[in-house]
Amino acid sequence: MSAHFIERPRYTCSLGGAAFAVNALPGGIPILHAPAGCAGSFAWAQNGGSGLQVGGNCGPLAIPSSNLQETEVVFGGDARLHQQVENTLKVVEGGLYVVLTSCVTEIVGDDILSVVRDFQSRGVSILGAHTGGFKGSAYQGYDIVLQAIFKDFVTSGRPRRRGKVNVWGIAPSLDPFWRGNLLGVRGLLESLGLEVNAFFTLEDTLEGIRSAGEAELNVVVSDVYGIEAAVRFEELHGTPFLATGLPIGPSACSAFLQAVAGRLGLDGPVLDAALRQGNRTYYKTLEALTDCYQDMDLQRYAVVVGDANYAGALTRFLAEDLGWLPELTVCTNLLNEEERGRIETRLGEVRNVEPNLVFETDGTEVIGHLNRRWPNAQGHRYHDAFSPAFVLGSSFERELAQALGAPHLSISFPVANRAILDRGYAGFRNGLTLVEDLLSAIVAGR
Amino acid sequence: MSCYDQKVAPRREDRLKTCIAHSGGVCGMGGKAKACMIDDGERGFTQGSICLLLVALAILDSLPETVVLIHGAVGCGSCAHSQNANARSGSAVRFGQAKDAIWLSTALNEVDVISGAEGKLRSAILEADRRYRPKSMAVVSGCVPGLIGDDIDSVILELQPQVSARLVPVHCEGFKTKIWATAYDAVYHGIGKNLLAERNPAVERTPVSAEDERARVLEQEKLKRTVNLMNVSSMGRVDEVELERLLQALGLEANLFPVFAHPDSFHKATRAALSVSTCPTHDDYFLKQLQEQFGVPYLIKGMPIGIRNTSLWLKDIAAHFGLGVEVERLIEAEEREVRAALAPFRTLFEGKKVYLSAGEFRALVTAQLMEELGFEVSGIRMFHHDAFANDEYDKLAETARQDYTINVANCQPFEEANLLKKVKPDLFLGHVNGNGTAAKLGIPTHTIYNTGLAYIGYRGAFEVARRLHRTLRNPAFNRNLSPWAQLPYKDAWYGADPFSYLNTRKDAQ
């Protein structure tokens, strides 16, 4: 890892993450207060990284954007933003407009919130958020947008409703499997009889989001993404939150259900039924693989390279559910010490295999980390090699897999080499999908 | 003083008076002036598009043994995720192995913005040089360095003696130009100043043997027949092969430049007998330099898309080499063969209305190809307008059955949606990320540019026809999607004048 650069960053900037999130909300329309190129950068990031899914409510290059030039840099861009919002309301259909700032407008110091207030006072459903790209990664942009929604869109003071929960922690587009994963998590929560607002699924509505303050618990399926937003939600609306890992595989799903049921004080029989149903579905279906799994010797050593959600979740799935040997886990996000601590704790809880976790943003350095932990044969005839192996990562890890002579599956951004729509890995059934995808990669040449 | 004496290439709005916002009829567009005669009518409602940084990276990411260091916020350069697919397929088809491009970001944060980031850039260059040992390193600046006053040129000047890579500054501060085609000038500016000198040139010596002398003479003979064939990434290998084939038929060799060319081979361009542009939008800045500094003459006229334009393009090159007879023979044979092959398609396409949208030159010459295939052009949109394409407007005006709308727009799909609802074409050809609007309206669409597909030359004309035929044979994907997919526009917008927002940006106050 370098202190001076990030190699092929596996995300875009905070403005990009924010734009992805708004574009995925029901009726959400981002309005970028930005130079023209930001929108294109995000569209091409999706094109190359999000499993062939580009756009959102506003197609790739349809996002309203003030397209700032030197004039606005010199004289300020408030007037141009005002004009852009005014005209956006005439041309673009939306339920919630969100003005998002860029590096340029942050440095120039435009007062976007005052422009936004002007329109709010006219009854327009509009928010503003400071998402200037230098503020951080796209995951932070996702968090910032959630905070803006919680502060300015979610109604305060509504009575708590028993059995209602909000869930987030999966960032649209940055997790190429966001649709499927959100549906998987929604399904888990619904199996406990809960009413779920997940913000970004087809089931969600702006009205549901507006009444998110009624929830008795916020569930964040991430140790990093959306945590600040959860803290903010609690300050604003008094709803506590539970942070879990991304529940991939029956072990994590079971633990997830237990944790949620525990926090909500749900009846034992409800939890037991959900656990039984989920595990039964998983294992009774998996059973069909029993012969081939043994006969074809499908157990693998593994390297897991992923973002803060996937690194831990995939490692746990391999170690606890599939019975593989994930010997190296690489988390590719640039995290602060506290966030790293949370990931370390999560990995520390993994059973069966003791994972080795490194924080490394640069893909080409991964093989060095592996060699340090698992030395080469160095000419020895009898050598306990890192083989047979499997690489779970992004599409960048193809080169690593090639070097190891191992099959590979792209899961974490960027996923350039798969078409993804609503496939997901979170939830009991989706765990089976992951088994299918992993083993299919091994037997592809059969 | 040459543009190359400046740190930064001038903006195209200044150098060429290029504009991005206009509407007019095809018959009135082809002015004869050397510069664009249209005042820009910028919009008061705009949609995001791209900036020169994206275009520059598309070229730079293709260069072998090159690291692209983006000095900017972490999102500048995330376009490279898409471009990496091109870098991989392009290297696979040229070098036999798919290879990921290497791009880095200084990922400027709030501290950097406040205290300046030249120090960070300095350390990043040194570390990248040590880690990757590249032959060249492009240092590309985004908006933030331009705002906080980082001087990347000084940093590069200071560090060049300490690193083994040749450093190439490329200025891509997006807010400084609305014409993203300035990217071609920005990249060529960096290449022209830093990569054209030969690395460790062989010492001139008297030939020691007859073989040496023979090799020297052969090399010189070859250079007399070598043509720089400019490709800044709008042609894939399949199109390069077609043009190489045609040039070889005239006894000429192609030196493809600059995409996928090795940075240590760039000096070859200075020794060629002629430079030929494959798209006038791209190359004038650099071709002038090659002529002024190295005496390499150039041709920058037309684009070899469509039968007639391919033949015209070849004739100009042949004329330069005195190959008039040879080229007539070649063209006659090629045209006869491809026209015969296209005949069955023509009857299928006859009378169908086509709408096109792309870069100005590409859109205009592809429109002519569409006419050759039997389609009727019903409208053309282009990313910008300058004077390079005046002749192409004239050609289209001659064949137009009626005056149709030209819409100059740096994307702006809201205008496109409005136009398409009114014009209702049978087919739409749009640029990458520019087909969604038509597709969601249920119109059969085909991409006008994709580096994996053939478009150029006689082969391209036939392959385009073949692809359009299959597009039209079963357009069910778009037709089925259309009733469910929604464009993000209000119903009232479709009733409005599509150009309601032209010339209104000036009203912001």
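Structure first, text after, so check above.
Numbering of residues starts from 1 in every chain and runs along the sequence as written. Written order determines the labels here, with chains lettered from A and ligands numbered from 1. Two thresholds apply to this predicted model, a pLDDT of at least 70 for residue-level local features and 80 or more for giving and counting side-chain atom pairs, whereas whole-chain, interface and lining totals are computed over all residues. As a rule here, side-chain values cover all heavy atoms of the structure and leave hydrogens and water aside.

A. Representation of the overall build of chain B. Put simply, DSSP H or I for four residues or longer makes a helix, DSSP E for two residues or longer makes a strand, and each gets a number counted from the N terminus. What chain B contains, in helices and strands, is 20 helices and 14 strands. In terms of overall dimensions, chain B is globule-like: its C-alpha atoms have a radius of gyration of 24 Å, near the 23 Å expected for 509 residues. The C-alpha extent of chain B, read off along each of the three principal axes, is 70 × 65 × 45 Å. Exposure classes here rest on a 1.4 Å probe applied to the protein chains alone. A residue is buried below 20% of its type maximum, exposed above 50%, and partly exposed in between. Evaluated residue by residue, chain B yields a buried proportion of 60% over its 509 residues. Long-range contacts, defined here as pairs at least 24 residues apart, represent 76% of the contacts in chain B between residues at least 6 apart. With an accessible surface of roughly 19,700 Å², chain B has 52% of that area assigned to carbon and sulfur atoms. Residues counted as positive are Lys and Arg, residues counted as negative are Asp and Glu, and His and the chain ends are not counted. To locate a charge, the coordinates of NZ of Lys, CZ of Arg, CG of Asp or CD of Glu are taken. Treating the 59 positive side-chain charges of chain B as one cloud and the 61 negative ones as another, the clouds have centres 4 Å apart. Note that the radius of gyration is over C-alpha atoms, with the globule rule given as 2.2 Å times the number of residues to the power 0.38. Contacts are assigned to residue pairs with any non-hydrogen atoms lying within 4.5 Å of each other. For the accessible areas, the method is Shrake-Rupley and the probe is 1.4 Å, while residue cover comes only from the protein chains on display.

B. Quick peek at the overall build of chain A. Secondary structure summary: chain A contains 18 helices and 13 strands in total. Taking 2.2 N^0.38 as the reference for a compact globule, 446 residues should give roughly 22 Å; the C-alpha atoms of chain A span a radius of gyration of 23 Å, in line with that estimate. Viewed in the frame of its principal axes, chain A has a C-alpha envelope of about 75 × 55 × 40 Å. With 446 residues in all, chain A has 63% of them scored as buried. Contacts spanning at least 24 positions in sequence make up 73% of the contacts within chain A whose residues lie at least 6 apart. Only carbon and sulfur atoms are counted for the fraction: they give 48% of the accessible area of chain A, which is about 15,800 Å². Computed over 35 positive and 49 negative side-chain charges, the inter-centroid distance for chain A is 4 Å.

C. The interface of chain B and chain A, seen in detail. Opposite the 69 residues of chain B that make contact, chain A presents 70 residues. The term buried area means the drop in 1.4 Å probe accessible area that two parts suffer when joined, counted for both and summed. Taking both sides of the interface into account, the surface hidden between chain B and chain A amounts to around 5,700 Å²; carbon and sulfur atoms contribute 57%. The three residues of chain B that bury the most area against chain A are B:His81, B:Asn433 and B:Lys490, which together make up 12% of that side's buried surface. Note on definitions: salt bridges are taken to be side-chain nitrogens of Lys or Arg within 4 Å of carboxyl oxygens of Asp or Glu. Summed over the shared surface of chain B and chain A, the result is six salt bridges. Where A:Lys135 meets B:Glu110, a salt bridge forms, and the shortest distance between an N and an O atom there is 3.5 Å. Contacts described as polar in this section are N or O atom pairs within 3.5 Å, which, within protein, must combine one atom able to donate a hydrogen with one able to accept it, while residues neighboring in sequence count only if both atoms come from side chains. Counting every contact that joins chain B to chain A gives 32 residue pairs in polar contact (both at pLDDT 80 or more). Those elements that provide at least two residues to the side of chain B that touches chain A are helix H3 (80–95), strand E3 (102–105), helix H4 (110–115), helix H5 (118–132), helix H6 (143–148) and helix H16 (413–423) of chain B. No other element matches the seven residues that H5(B) contributes to the side of chain B that touches chain A.

D. Spatial organisation of the sheet that holds strand E6 (residues 195–197) of chain A. All names here are of chain A. Taken together, four strands build an open sheet; the order of strands is E6-E5-E7-E8 and the sheet is parallel. The sheet is open, and its two borders are formed by E6 and strand E8 (241–243), each paired with just one other strand. Adjacent strand axes in the sheet meet at a mean angle of 25 degrees when their direction is disregarded. As paired elements, strand E5 (residues 164–168) and strand E7 (residues 217–220) share four bridges and run parallel to each other. Across the sheet, residue Trp 168 finds its bridge partner in E7, namely Val 220. Paired strands, in this sense, are two strands between which DSSP finds at least two bridges. Axes here mean lines fitted to C-alpha atoms, for a helix over just the part in contact, with angles spanning 0 to 180 degrees between N-to-C directions.

E. Up close: the sheet that holds strand E12 (residues 405–409) of chain B. Residues and elements named next belong to chain B. If you trace the six strands from one edge of the open sheet to the other, you get E1-E12-E11-E10-E13-E14, paired in mixed fashion. Since the sheet does not close on itself, it has two edges, and those belong to strand E1 (21–25) and strand E14 (445–447), each with one partner. Averaged over neighbouring strand pairs, the angle between their axes works out to 15 degrees when direction is ignored.

F. Quick look at the packing of helix H11 (residues 249–264) of chain A against helix H14 (residues 310–322) of chain A. Residues and elements named next belong to chain A. Interhelical geometry of H11 versus H14 gives an angle of 105 degrees and a closest axis separation of 6 Å. By the criterion of interaxial angle, the relationship of H11 to H14 is roughly perpendicular. From H11, Gly 249, Pro 250, Ser 251, Ala 252 and Ala 255 reach across to H14, where they touch Arg 316, Phe 317, Glu 320 and Asp 321. Between 65 and 115 degrees an angle is taken as roughly perpendicular, under 35 as roughly parallel, over 145 as roughly antiparallel, and anywhere else as oblique.

G. The nonpolar core, seen in detail. Formed by 136 residues in total, the largest nonpolar core has its most connected members in A:Leu100, A:Trp168, A:Leu189, A:Phe200, A:Trp324, A:Leu438 and B:Tyr489. Among the elements that make up this core, the one with the highest residue count is helix H7 (residues 138–152) of chain A (eight residues). If we ignore the near neighbours within four places in the chain, the residues touching A:Leu438 are A:Phe317, A:Leu318, A:Leu322, A:Trp324, A:Phe390, A:Leu392 and A:Leu409. What we call a nonpolar core is a set of buried Ala, Val, Leu, Ile, Met, Phe, Trp, Tyr and Cys residues that are connected through their side-chain atoms within 4.5 Å. Counting 66 residues, the second-largest nonpolar core is a separate cluster that includes B:Val227, B:Trp313, B:Ile331 and B:Leu472.

H. Representation of the pairing of E7(A). Residue and element names in this part refer to chain A. With burial as the criterion, each face of E7 is covered, one bearing Leu 217 and Val 219 and the other bearing Asn 218 and Val 220. Pairing geometry for E7 and E8, over three bridges, is parallel. Across the sheet, residue Val 219 finds its bridge partner in E8, namely Leu 242. A crossover counts as right-handed when, viewed with the strands pointing away from the observer, the path leading from the first strand over the helix to the second turns clockwise. Regarding topology, helix H10 (residues 227–237) serves as the crossover connection from E7 to the parallel E8, and that connection is right-handed.

I. Representation of the environment of B:Asn309. Residue and element names in this part refer to chain B. By the secondary structure assignment, Asn 309 is in helix H12 (residues 307–320). Sequence separation between Asn 309 and Glu 392 is 83 residues; the distance between their C-alpha atoms is 9.8 Å. Setting aside chain neighbours within four positions, we find Asn 309 in contact with Met 303, Pro 304, Val 365, Gln 368, Glu 392 and Lys 395.

J. Spatial organisation of the pattern of salt bridges. Under the criterion given, the structure shown has 65 salt bridges over all chains. Between A:Arg158 and A:Glu207 there is a salt bridge; the shortest N-O distance is 3.9 Å. A residue pair is termed long-range when its members are at least 10 positions apart, and A:Arg158 in the loop between H7 and E5 and A:Glu207 in helix H9 (residues 206–210) qualify at 49 residues. Exposure remark for A:Glu207: the relative accessible area of 45% places this residue in the partly exposed category. The shortest N-O distance in the salt bridge between B:Asp284 and B:Arg12 comes to 3.8 Å. Note that B:Asp284 is positioned in helix H11 (residues 280–294) and B:Arg12 in helix H1 (residues 12–15), a separation of 272 residues in sequence. With relative accessibility at 2%, the residue B:Asp284 sits in the buried group. A single network of salt bridges, built from pairs that share partners, joins A:Arg158, A:Arg161, A:Lys164, A:Glu195, A:Glu207, A:Arg210 and A:Glu214.

K. Fine view of the packing of aromatic side chains. All names here are of chain A. Put simply, two rings from Phe, Tyr or Trp (the six-membered ring, in Trp's case) pair if the centres are within 6.5 Å, and we call them stacked under 30 degrees between planes, edge-to-face over 60, tilted for the rest. Under the definition given, this model contains 33 aromatic pairs over all chains. Their ring planes at 50 degrees and their centres at 5.9 Å tell us that Phe 150 and Phe 199 sit as a pair that is tilted. Taken as a pair, Phe 150 in helix H7 and Phe 199 in the loop between E6 and H9 lie far apart in primary sequence, 49 residues in all. Looking at Phe 150, the relative accessible area reads 0%, which means it is buried. For Phe 199, a relative accessible area of 0% gives the class buried. Grouped by ring-pair contacts, the aromatic residues Tyr 142, Phe 150, Trp 168, Phe 199, Phe 200 and Phe 233 constitute a single cluster. Positioned over the ring face of Phe 396 is Arg 8, at 4.8 Å from the centre of the ring. By definition here, charges over rings are those cases where NZ of Lys or CZ of Arg is within 6 Å of the ring centre and within 35 degrees of the ring normal.

L. Expanded view of helix H18 (residues 428–443) of chain A. A helix's residues, less one, multiplied by 1.5 Å, set its expected span. Here H18(A) contains 16 residues, and its C-alpha end-to-end distance of 23 Å stays within 8% of the 22 Å for a straight helix at 1.5 Å per residue. Every buried residue of H18(A) is accounted for by A:Phe428, A:Asn430, A:Gly431, A:Leu432, A:Thr433, A:Leu434, A:Val435, A:Asp437, A:Leu438, A:Leu439 and A:Ile442.

M. Examining the side chain of B:Ser378 more closely. Looking at the element boundaries, B:Ser378 is found in strand E11 (residues 376–382). Those residues within four positions of B:Ser378 in sequence are excluded, and the remaining contacts are B:Lys353, B:Val354, B:Tyr355, B:Tyr404, B:Val423 and B:Pro425.

N. Structural context of the side chain of B:Arg467. Residue and element names in this part refer to chain B. When you line up the elements, Arg 467 lands in helix H18 (residues 457–473). One buried charged side chain, Arg 467, makes no salt bridge at all; its nearest oppositely charged neighbour is Glu 463, positioned 5.1 Å away. Discounting chain neighbours no more than four positions away, the residues touching Arg 467 are His 446, Leu 453, Ala 454 and Tyr 455.

O. Layout of the environment of A:Asn336. All names here are of chain A. Mapped onto the elements, Asn 336 comes out in the loop between strand E10 (325–331) and helix H15 (337–348). The partly exposed category is assigned to Asn 336, whose relative accessible area is 40%. Looking at Asn 336, its side chain comes within polar contact range of the main-chain nitrogen of Glu 339, at 2.8 Å.

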